[in-house]
Amino acid sequence: MRPVRLTTVPAPDDLLGLVGHDLGASEPQVVTQEQVDQFADVTKDHQWIHVDVDRARSGPFGTTIVHGFLTLALVPRLLADILEVRTYSMGVNYGLDRVRFVKPLPPGVQIQGAATLLSAKPIDAAAGQPAGVQAKASVVVEFAESGETCCAAEILFRYYS
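Asks: Could you give me a rundown of the packing of aromatic side chains, with the residues and numbers involved?
Replies: In this description, a pair of aromatic rings is defined by centroid distance and the angle of the planes. Tallying each qualifying case throughout the model produces 3 aromatic pairs. A centroid spacing of 5.6 Å and a plane angle of 75° characterise the contact between Phe-69 and Phe-101, whose relative ring orientation is edge-to-face. Linking Phe-69 in helix α4 (residues 68–73) with Phe-101 in strand β5 (residues 90–101), this pair joins segments that are 32 residues apart in sequence. On the basis of relative accessibility, which here comes to 41%, the residue Phe-101 falls in the partly exposed class. Measuring from centroid to centroid gives 5.8 Å for Phe-157 and Tyr-159, while their planes differ by 80°, and the two rings are edge-to-face.

Asks: Which residues make up the pattern of salt bridges, and what values do they have?
Replies: All told, the structure shown has 8 salt bridges when counted by the stated rule. Between Arg-2 and Glu-142 there is a salt bridge; the shortest N-O distance is 2.8 Å. Highlighted residues: Arg-2 in the segment before β1 (7–9) and Glu-142 in strand β7 (residues 132–143), separated in sequence by 140 residues. Taking the relative accessible area as the measure of exposure, Arg-2 reaches 35% and is therefore partly exposed. The salt bridge involving Arg-57 is made with Asp-54; its shortest N-O contact spans 2.7 Å.

Asks: Could you give an account of the layout of surface pockets, with specific residues and numbers?
Replies: A probe matching the size of a water molecule, rolled over the atoms, marks out where space remains unfilled. As a volume, the largest pocket reaches approximately 230 Å³. Considering the residues around the largest pocket, the lining is formed by 14 residues, among which Pro-76, Leu-79, Ala-80, Leu-83 and Tyr-159 are closest to the centre. Taken together, the residues of the lining of the largest pocket break down into 10 nonpolar, 2 polar and 2 charged.

What counts, and where the lines are drawn
- Chains are numbered independently. Their residues run from 1 in the order of the written sequence.
- In view of the model being predicted, local features appear only for residues whose pLDDT reaches at least 70, and side-chain atom pairs are presented and counted only at 80 or more, with totals across whole chains, interfaces and linings using the full set of residues.
- Each side-chain value is worked out from all heavy atoms of the structure, with water and hydrogens disregarded.
- Centre distance within 6.5 Å is the pairing criterion for rings of Phe, Tyr and Trp, where only the six-membered ring of Trp is used; planes under 30 degrees apart are then read as stacked, over 60 as edge-to-face, and the remainder as tilted.
- In this text, helices come from DSSP runs of H or I with a minimum length of four residues, and strands from runs of E with a minimum of two, each type numbered from the N-terminal end.
- When accessible area is computed with a 1.4 Å probe and restricted to protein chains, residues below 20% of their type maximum are described as buried, those above 50% as exposed, and intermediate ones as partly exposed.
- When a carboxyl oxygen of Asp or Glu is within 4 Å of a side-chain nitrogen of Lys or Arg, the pair counts as a salt bridge.
- Here a cavity denotes grid points, spaced 1 Å and computed from the protein atoms alone, that fit a 1.4 Å probe unable to get out, and a pocket denotes an open set having protein on both sides within 12 Å along at least 5 of 7 lines; residues with an atom within 4 Å of a point are the lining.
- Grid points are joined across faces, edges and corners, and a volume is the space filled by probe spheres set on the points.
- Residues are grouped as follows: Ala, Val, Leu, Ile, Met, Phe, Trp, Tyr, Cys and Pro are nonpolar; Asp, Glu, Lys and Arg are charged; every other residue, Gly included, is polar.

In structure tokens:
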């Protein structure tokens, strides 16, 4: 397991000097079967590999697995454990450039996020929005015990001043 480490900056502009830096690692967390079932209800994705515990025991993974998109949905939460911008008016998830579901995640297994800041550029004030910074981070969701990658994503986000 990686040591938990948070990078804190006072304001969005401070991200400009962190490009290429390892931002840290999140607190470990566990996705439960109950969360998987709730995600299945919301997305209407009730495929047996996710929700049928009994059938999944004899399936290809030997257990149910977390939806890839549920794992991806955790990326902003994991990133919040890794990067703190203290003063800003609004933060927005802006998009994704690359996502890979590298290895299936069974419910009940600890995961941890790790991030590196890939880019940051100023955003000019326009159309009623304040100035800010758009950044891109590589976030890897890992199995906390082994460090193996479960999901890798490049997430784009904006912080407005």
